[in-house]
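Descriptive analysis of the structure
This is what each chain is made of:
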Amino acid sequence: MMDFRSQEIIALIDRCFAEDIGSGDHSSLASIPQGTVGESRLLLKEDGVLAGLELGEVILRRLDPNLEWVAMAKDGDYLLAGTQLASARGNVHALLAGERLMLNFMQRLSGVATQTYNAVEIVKGTGATILDTRKTTPGLRALEKWAVTMGGGYICVSVCLSVCLSVCLSVCLSVCLS
């Protein structure tokens, strides 16, 4: 379970906003009156595993805490292209300013989840397990590892620790009982 409202994730979102929009989305600020309310729909463009929808809501709420968000899917769902994932209603400046960051995260995480799902499907029935790697994107490690689990993979450290504990306990019991 990923806490998208943790201090670490909120700090990441804020750093990304600082880099992406800096002092504001000047084109929308210049062309859309302050206080304008609008609605957007989030549609899936390709078949795949959804990852980052809840994060998307958190991203938009950083800019508009009063946002009305209706999720129509959930992270980990395998969905077909054209599926509506969510709708958001709120301050148009916030929707436009948060759109790129939300989509960038969702595309990356859904890509990781979908590729993991594809790998899991390939090895289904063989007894093999798909594990994540420690070679993740700096700053995005926790999110990418979470996305692996959305696609049906496992986090290597937890699996390796479990195997090591099982082996160590077996060895210890064998030694102690002999």
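Everything below is about the structure shown above.
Residues numbered from 1 in each chain as written. Predicted model: local features only at pLDDT ≥ 70, side-chain atom pairs only at ≥ 80, totals over all residues. Heavy atoms only, no water.

1. Re helix 4 (residues 92-123)
Under the convention used in this document: Put simply, DSSP marks the helices as runs of H or I at least four residues long and the strands as runs of E at least two long, and each gets a number from the N terminus on. Helix span, as expected, comes to 1.5 Å for every residue beyond the first. A residue's bend is the angle separating two fitted axes: one through the seven residues that end there, the other through the seven that start there. N or O atoms closer than or at 3.5 Å make up a polar contact, with two conditions inside protein: a donor-capable atom paired with an acceptor-capable one, and, for residues adjacent in sequence, both atoms drawn from side chains.
For helix 4, which comprises 32 residues, the first-to-last C-alpha distance of 45 Å matches the rise-based estimate of 46 Å (1.5 Å per residue) to within 8%. The axis of helix 4 is deflected most strongly, by about 40°, at E99. Residue N91 occupies the N-cap position of helix 4, its side-chain oxygen lying 2.8 Å from the main-chain nitrogen of H93. Positive phi appears at G125, one or two residues downstream of helix 4, with a value of about 85°.

2. Here's the deal with the packing of helix 1 (residues 7-20) against helix 4
What counts is decided by this rule: Interaxial angle, 0 to 180 degrees, is taken between N-to-C directions of lines fitted to C-alpha atoms, where a helix line uses only the stretch in contact. Our angle categories are set so that under 35 degrees counts as roughly parallel, over 145 as roughly antiparallel, 65 to 115 as roughly perpendicular, and the remainder as oblique. Handedness of a crossing follows from how the near helix is turned relative to the far one, being left-handed for an anticlockwise turn of less than a right angle and right-handed for a clockwise one. Only heavy atoms enter the contact rule, under which two residues are in contact if any of them lie within 4.5 Å.
Their axes nearest at 10 Å, the elements helix 1 and helix 4 cross at an angle of 125°. Taken together, the axes of helix 1 and helix 4 lie oblique to each other. The handedness of the crossing between helix 1 and helix 4 comes out as right-handed. Taking contact as the criterion, the partners of L12, I13, C16, F17 and D20 in helix 1 are, on helix 4, A97, G98, R100, L101 and F105.

3. A short note on the packing of aromatic side chains
Aromatic ring pairs: the centre-centre distance and the angle between the two ring planes describe each pair. What counts, and what does not: In this scheme Phe, Tyr and Trp rings, the latter by its six-membered ring, pair at centre separations within 6.5 Å, and the angle between planes marks the pair as stacked below 30 degrees, edge-to-face above 60, and tilted otherwise. When accessible area is computed with a 1.4 Å probe and restricted to protein chains, residues below 20% of their type maximum are described as buried, those above 50% as exposed, and intermediate ones as partly exposed.
Taken as a whole and assessed by the stated rule, the structure comprises 2 aromatic pairs. Seen from their ring centres, F4 and W146 are 5.1 Å apart, and the 90° between their planes marks the pair as edge-to-face. Residue F4 is located in the segment before helix 1, and its partner W146 is located in helix 5 (residues 141-150); the two are separated by 142 residues in the primary sequence. Comparing F4 with W146 shows no difference in burial state: the two are buried. Pairing Y78 with Y117 gives two aromatic rings, centres 5.0 Å apart and planes at 35°, and the pair type is tilted. Placement of the pair is Y78 in strand 4 (residues 78-79) and Y117 in helix 4, with a sequence separation of 39 residues. Judged by its relative accessible area of 40%, Y78 falls in the partly exposed class. For Y117, a relative accessible area of 27% puts it in the partly exposed group.

4. Quick look at the packing of helix 3 (residues 53-63) against helix 4
Convention followed: In this count, Pro and Cys sit with the nonpolar residues alongside Ala, Val, Leu, Ile, Met, Phe, Trp and Tyr, while Asp, Glu, Lys and Arg are called charged and the others, Gly among them, polar.
Contact geometry for helix 3 and helix 4: axes closest at 9 Å, N-to-C directions at 155°. Classed by the angle they form, the pair helix 3 and helix 4 counts as roughly antiparallel. Judged by the sense of rotation from one axis to the other, the crossing of helix 3 with helix 4 is right-handed. Where helix 3 approaches helix 4, its residues L53, L55, G56, I59, L60 and L63 are matched on the opposing element by A94, L95, A97, G98, E99, L101, M102, F105, M106 and L109. Residue composition of the contact of helix 3 with helix 4, grouped by class: 13 nonpolar, 2 polar and 1 charged.

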